[in-house]
Amino acid sequence: MSRFLALCLYAIAGLIATTGASALYAQAPTIVAPGPGSNGRHDIVVPASGLPLVVYQDLAQVKCANAACTGVPLSTAVIASVTTSRIRVALAADGLPIIGLSVTFSGLRAVKCSNASCTLATTTVVDPSNLGFSDHALIVPVDGNPMFAIFDANNGDLKVARCANADCTGSASVVVADAAGFVGRAPAIAIIGGLPHIAYNADSLSVKLLRCGNMDCTVGNSFVALNAENATAMSMIEGHDGAALIAYNADTTTQDLLRLIRCVGTSCATFSVSTIDKHATGQGVGAGVQMRTGADGLPVMSYFDMTLGAIKVARCARSDCASTTLTTVHAPANAPITVGGTTALAINGNGVPVIVYSLSGSVPNVFINSCNTRSCL
């Protein structure tokens, strides 16, 4: 069987979708790192130059030579020499990357790049606590001071750290925002209505939303209990109407689901829940989900379909995602998707999605797949 035919069969297997059509995107991805891939935890950011920067858990980065990340990279560099459980990247106020590192059984560090390729950087300890095998999410609000939503796996708490300045040097404000049970897994953070909101897993039973009362999340916080499902990956953006959109994977006893919560208003006192993709109980769908606002203002998601062994993109045709196109971006015939990994998603200078992910095998690789269209068709 040819590789193309195998890809087609995978696409046919994924044709059933609850909210829209499904299709195959057959462009071959670019291999950007021949190393071990470290569970496939990556992130990507596109600065004003349009040349994406990819960071991956082996603590290295790749600066793409063009918007599609094809050909020989412009540069590669080592970030640090620590063992991490999560890596994130965002654009700082000066337009240069800032990288968050959850250091395994240690604290949280920020790496502020001094150039676009991050070959020069300053590292600061944001939270020195033993966080266990932790996780975090990273954003840079409009005032320029980066902030982190942190899962403290050692204590089972949700913490919020806010840097004192745009370079994240000096002492950061670090607070325990929620300690009610074992909380904080799979944090996602976004600015909603001008203030930080954090979605996360609560006691492996439900999706919970923290609405911060100020930018430091130190006063006036409130909580909303959302859907009662176990979510192991989450991503959040501010929707077209100014309210939160939260994508997450749900592994129930009867179905594997990629779900979307759409808040009504910034308070999220009421909300709706829809299904973007689903399977009868299998290995899972929606793992590693990442959601971004597309060039047309509509939500775009990348995620793993573990049951089909594929990388998928969901592009909403409406701001409420009531109509969605599902595209199989990569369905390797001989290399299953990395278990426990995550996808990374950005919108490049051409206005189309760029997805980063890993494949399992004796020598997994980090892949970049740049789409031809906004739906990756």
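Fair warning: this is a prediction, and the values are worked out from it, not measured in the lab.

A few words on the overall build of the protein chain. Tallying secondary structure elements over the protein chain gives one helix and 29 strands in all. In the protein chain, buried positions account for 57% of the 377 residues. Across the protein chain, the fraction of contacts at a sequence separation of at least 24, relative to all contacts at a separation of at least 6, is 46%. Total accessible area computed for the protein chain in this model is approximately 13,500 Å², and 55% of it derives from carbon and sulfur atoms.

This next bit is on the sheet that holds strand β21 (residues 255-264). What the four strands build is an open sheet, ordered β19-β20-β21-β22; its pairing is antiparallel. Because the sheet does not close on itself, it has two edges, and the strands there are β19 (231-238) and β22 (270-280). When strand polarity is set aside, the average angle formed by the axes of neighbouring strands in this sheet is 20°. Bridging between β19 and strand β20 (residues 244-251) involves six bridges; their strand directions are antiparallel. Across the sheet, residue Glu 238 finds its bridge partner in β20, namely Ala 244.

Scanning all chains against the criterion turns up seven disulfides. For Cys 163, the disulfide goes to Cys 168, at an S-S distance of 1.6 Å. Assigned by exposure class, Cys 163 and Cys 168 land together as buried. Put simply, Cys 371 and Cys 376 are joined by a disulfide, and their sulfur atoms are 1.9 Å apart. Because the sign of the S-S torsion sets the handedness, a value of about 75° for the bond joining Cys 371 and Cys 376 places this disulfide among the right-handed ones. An identical accessibility class is assigned to Cys 371 and Cys 376; each is buried.

With that settled, the discussion passes to the environment of Asn 365. Considering the arrangement of structural elements, one finds Asn 365 in the loop between β28 (353-358) and β29 (366-370). The exposure class assigned to Asn 365 is buried, which follows from its relative accessible area of 17%. In this structure the C-alpha to C-alpha distance between Asn 365 and Thr 30, which are 335 residues apart in sequence, comes to 10.0 Å.

The next point concerns the nonpolar core. By size, the foremost hydrophobic cluster in this structure holds 21 residues, and its most contacted members are Val 207, Leu 209, Leu 226, Met 234, Met 236, Ile 246 and Tyr 248. Of all the secondary structure elements, the ones that give two or more residues to this core are β15 (183-192), β17 (206-211), β19, β20 and β21. The residues touching Val 207, leaving out its near neighbours within four places in the chain, are Tyr 200, Val 224, Ala 225, Leu 226, Asn 227, Glu 229, Ala 231, Met 234, Tyr 248 and Ile 261.

Across the sheet, which stays open at both edges, the four strands sit in the order β15-β16-β17-β18 with antiparallel pairing between neighbours. In this open sheet, the two edge strands, each paired with only one partner strand, are β15 and β18 (222-225). Strand-to-strand twist of the sheet, defined as the mean angle between neighbouring strand axes without regard to direction, takes the value 25°.

Turning next to the confidence of the model for the protein chain. In this model, the protein chain carries a mean pLDDT of 86, and residues with pLDDT of at least 70 account for 86%. Overall, residues 1-19 carries pLDDT values under 50, and its contacts beyond four positions in sequence, including any with other chains, amount to 32 contacts.

A word on the pattern of salt bridges. Applying the stated criterion to the full structure yields 12 salt bridges. Here Asp 143 makes a salt bridge to Arg 162, at a shortest N to O gap of 2.1 Å. Of the two residues, Asp 143 sits in the loop between β11 (135-139) and β12 (147-152) while Arg 162 sits in strand β13 (residues 157-162), which places them 19 residues apart along the sequence. Classification of Arg 162 as buried rests on a relative accessible area of 7%. The partner of Asp 178 in a salt bridge is Lys 208, and the shortest N-O contact between them spans 2.9 Å. Taken together, the residues Asp 178 in strand β14 (residues 173-178) and Lys 208 in strand β17 connect sequence positions 30 residues apart. Residue Asp 178 is classed as buried on the basis of its relative accessible area of 5%. One network of salt bridges, with partners in common, ties together Asp 143, Arg 162 and Asp 216.

Following the criterion strictly, the structure yields two aromatic pairs and no others. Between the aromatic rings of Phe 151 and Phe 182, the centroid separation amounts to 5.6 Å while the plane-to-plane angle is 80°, which identifies the pairing as edge-to-face. Pair noted here: Phe 151 is in strand β12 and Phe 182 is in the loop between β14 and β15, with a separation of 31 residues, a long-range link. By relative accessible area, which is 6% here, Phe 151 ends up buried. The class of Phe 182 is partly exposed, set by a relative accessible area of 38%. Judged by centre distance (5.8 Å) and plane angle (5°), the rings of Tyr 357 and Phe 367 are stacked.

It is worth spelling out the side chain of Ser 235 at this point. In this structure, Ser 235 sits in strand β19. Side-chain polar atoms of Ser 235 contact the backbone nitrogen of Met 291, separated by 2.9 Å. With near-sequence residues (within four places) excluded, Ser 235 lies in contact with Ala 188, Leu 245, Ile 246, Ala 247, Val 289, Gln 290, Met 291 and Arg 292.

Parameters at a glance
Residues numbered from 1 in each chain as written. Predicted model: local features only at pLDDT ≥ 70, side-chain atom pairs only at ≥ 80, totals over all residues. Heavy atoms only, no water. Helix = DSSP H or I, 4+ residues; strand = E, 2+ residues; numbered from the N terminus. Buried < 20%, exposed > 50% of the residue type's maximum accessible area, 1.4 Å probe, protein only. Contact = heavy atoms within 4.5 Å. Areas by Shrake-Rupley, 256 points an atom, 1.4 Å probe, with all protein chains shown as cover. Pairing = 2+ DSSP bridges. Axes fitted to C-alpha atoms, helices over the stretch in contact; angles between N-to-C directions. Disulfide = S-S within 2.5 Å. Core = buried A, V, L, I, M, F, W, Y, C linked by side-chain atoms within 4.5 Å. pLDDT = per-residue confidence, 0-100. Salt bridge = Lys/Arg side-chain N within 4 Å of Asp/Glu carboxyl O. Phe/Tyr/Trp six-rings, centres within 6.5 Å; stacked < 30°, edge-to-face > 60°. Polar contact = N/O pair within 3.5 Å; in protein donor to acceptor, adjacent residues only side chain to side chain.

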